[in-house]
Each structure stands twice: as structure tokens, then as C-alpha cells.
Amino acid sequence: MSSDTYEIYAIKYAQHERRTRENFLGGDIHDGPMAMDYFIWVIRNALHTIIVDTGFDQAMADKRKRRIVRPVEEGLAKLGIAPTEVKDVVLTHLHYDHAGNHHLFPNARFHVQERELAFCTGRCMCHPEINHPYAVEDVKVMIDRLFSGRLSFREPEDVLLPGITLHRVGGHSDGLQILRVSTERGWVVLASDAAHYFANLVLRLAYPVVFNLRDMFEGYKRVRELADSEAHVIPGHDPKVLSIYPPAYADSDGWIARLDLPPVNPHD
């Protein structure tokens, strides 16, 4: 593996039982069960280990009525990653399920779109309909990191490292960013909440938590443009990811998957 090619891991840490009507703007789509999985991601090679998003802890799970299946730190330990040694964390956006676990990564620099921090500290947060996916404690911690020199603002189109680029798409939140990662199978896009489920992209159906609907649909287009194929797009919350991609280890099936390897059960 070259210095600009990476392995990618999806680590599931929580889940929530839901109905399809909760996952699409306008509801229904033949209402039935449609669970949501919660992930963080790891991008690494011999030179770099980058964490993408930080999840939430048990206190937030209790508050939001979600179920943690394995704490984030357990997944990191399985991959041999010590949180205190991590130097770079990319936050795709600052919603509660992507920006918590404040005790982790005390020595890391956090990479976020400037527009996202401006959004979640600006006048839009006067509206409960817009601020409800944010946790005030997460936003406060980001301000602390800013003033302690541990926050890097990224450009709308930016290079994190050779082989990893960042792209602001907005939609779900105003400063949502996605990642394009070079792997041995080609360019993989970690879509995060630019597409919660494969169905958002395939059916062109918006997720109901949305700040700018136009940006959300433009984001679907941008995700496809950046990936080598639709088989190179990883949605942010779809349980199917863990059945489509091979487990990282024999005993991590349903928990940690390898996204830089080809799908073993291609999605229809």
C-alpha cells in the first residue's frame, strides 16, 4: 500500500429501531421496520491514522433513547488504536451522533468546515426545529478546541492528506462535509449524512432532517461524481453496510467492516 492509499473501516457503536416513515421526507415508503445504525470510520495506512466522527456516549444515548451496542473505544481497541495517540479527527458535521465522546482523542486536531461551526453558533440555532440534532455540550467543546489551538477550519474543497479530500455539500446541516479516499479498489466516498441510507441515493428521497433541500439533492449528485462507482459510496447510517462489506476480522462480523475491499454482497 502506497503512502496515498488507505484502508477504511466502519465501526458500528449504536443502533435505533425505526420505521421507514421516519427516514424519508414525506414518510411512508410502504411503512415497515428500517433500523438506523451509528458508525464512526477509521482511515489509515502505514503513515497516518485518521478518525472520522466520534459518535456519542452512554449519557447521550440515554438522553436520545438510542442503544449503544459497543462503545466507540472498544471498536478502536479492536483495531489496535489508542485514542491518546490519534493526531487527526475529521468531523463531518456537529450533530450529536457525530461529535460526542469528548473524553476521547485529547491530543488530536479536529477538522471541520468553518461554515458548520458558524451555523451551529448562529441565529439558526434560535429555532428548535433546526437546533434539535445538535447537543449544546458538543458545540461548547468545539469552542474550547478553537481557543486551545486544536481546531482546523477546512475549505469547501480541501485536501486533508495525499489521497484524502474533503468536500462541503451541506443539506442535512449547512456545513456537512464528505470525504473522498484513495484505496486499492479506487476512490471511495464516505458520504456520512449526505446520504443516510442507500435508498436516499437510489430513490432520490430526502432524509427528513434537512436544512437546505436543494443542497441535499445536489449532495446526492456530488457523492456520485466523486466516487468511482455507486459501489464506492458508503452511506452514513445504513445497516446494509455491514452485510455488503467484509468484516475486518473473523469475530467482527456485524460490528467492524472493511470498506476499502470490494463488496462481498453487492447492493441491488
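Identification of the protein chain as N-acyl homoserine lactonase family protein from Billgrantia desiderata is taken from an unreviewed UniProt entry. Per UniProt, the protein chain carries the Cofactor (unreviewed entry) text "Zn(2+)". We quote the UniProt Sequence similarities (unreviewed entry) comment for the protein chain here in full: "Belongs to the metallo-beta-lactamase superfamily."

So, about the overall build of the protein chain. Looking only at helices and strands, the protein chain has 8 helices and 13 strands in total. In terms of overall dimensions, the protein chain is globule-like: its C-alpha atoms have a radius of gyration of 17 Å, near the 18 Å expected for 268 residues. Projected onto its principal axes, the C-alpha coordinates of the protein chain cover approximately 45 × 45 × 35 Å. Here the protein chain holds 268 residues, and 56% of them are scored as buried. Sequence separation of at least 24 residues holds for 66% of the intrachain contacts in the protein chain that already meet a minimum separation of 6. A total of about 11,500 Å² of accessible surface is found on the protein chain, and carbon and sulfur atoms cover 53% of it. The protein chain carries 30 positive and 37 negative side-chain charges, and their two centres are separated by 2 Å.

With respect to the helices, strands and loops of the structure, R168 is situated in strand β9 (residues 164-168). Looking at R168, its side chain comes within polar contact range of the main-chain oxygen of D174, at 3.0 Å. A distance of 3.0 Å separates a polar atom in the side chain of R168 from a polar atom in the side chain of D215. Those residues within four positions of R168 in sequence are excluded, and the remaining contacts are Q113, R115, P156, D174, G175, L176, Q177 and D215.

Turning our eyes to something else, we now look at helix α5 (residues 136-147). Three or four residues apart is the spacing at which side chains of an α-helix point the same way, because the helix has 3.6 residues per turn. For α5, spanning 12 residues, the distance from its first C-alpha to its last is 17 Å, which sits close to the expected 16 Å at 1.5 Å a residue. D138, V139, V141, M142 and R145 are the residues of α5 that are buried. Projection of α5 onto a plane perpendicular to its axis shows the buried side chains occupying an angular sector of 160 degrees, all on one side. In α5, the exposed residues that point more than 90 degrees away from the buried face are V136, K140, D144 and F147. Looking one or two residues beyond α5, the residue adopting positive phi is G149, at roughly 80 degrees.

Of note, F105 is a non-glycine position whose phi angle comes to about 55 degrees, a positive value. Mapped onto the secondary structure, F105 falls in the loop between β5 (88-90) and β6 (109-113). On the accessibility criterion, F105 (0% relative accessible area) is buried. At R204, a residue that is not glycine, the phi angle is positive and equals roughly 55 degrees. Note on placement: R204 falls in the loop between α6 (198-202) and α7 (213-226). Note on R204: relative accessible area 45%, which makes it partly exposed.

Over its 14 residues, α7 extends 20 Å from the first C-alpha to the last, a length consistent with the 20 Å expected when each residue adds 1.5 Å. Those residues of α7 that fall on the buried side of the exposure criterion are D215, M216, G219, Y220, V223 and L226. Seen end-on, α7 carries its buried residues on one side only, within an arc spanning 155 degrees. Packed against the buried residues of α7 are β9, β10 (177-183), β11 (186-192), α6 and β12 (233-235). Two or three places before R214, at the opening of α7, N212 has a side-chain oxygen 3.1 Å from that residue's backbone nitrogen.

Criteria and cut-off values
- Residues numbered from 1 in each chain as written.
- Predicted model: local features only at pLDDT ≥ 70, side-chain atom pairs only at ≥ 80, totals over all residues.
- Heavy atoms only, no water.
- UniProt positions renumbered as here; feature names shortened; annotations may be inferred.
- Helix = DSSP H or I, 4+ residues; strand = E, 2+ residues; numbered from the N terminus.
- Rg over C-alpha atoms; globule rule 2.2 N^0.38 Å.
- Buried < 20%, exposed > 50% of the residue type's maximum accessible area, 1.4 Å probe, protein only.
- Contact = heavy atoms within 4.5 Å.
- Areas by Shrake-Rupley, 256 points an atom, 1.4 Å probe, with all protein chains shown as cover.
- Lys, Arg positive; Asp, Glu negative; His and termini not counted.
- Charge placed at Lys NZ, Arg CZ, Asp CG, Glu CD.
- Polar contact = N/O pair within 3.5 Å; in protein donor to acceptor, adjacent residues only side chain to side chain.
- Expected span 1.5 Å × (residues − 1).
- Arc of directions from axis to C-beta.

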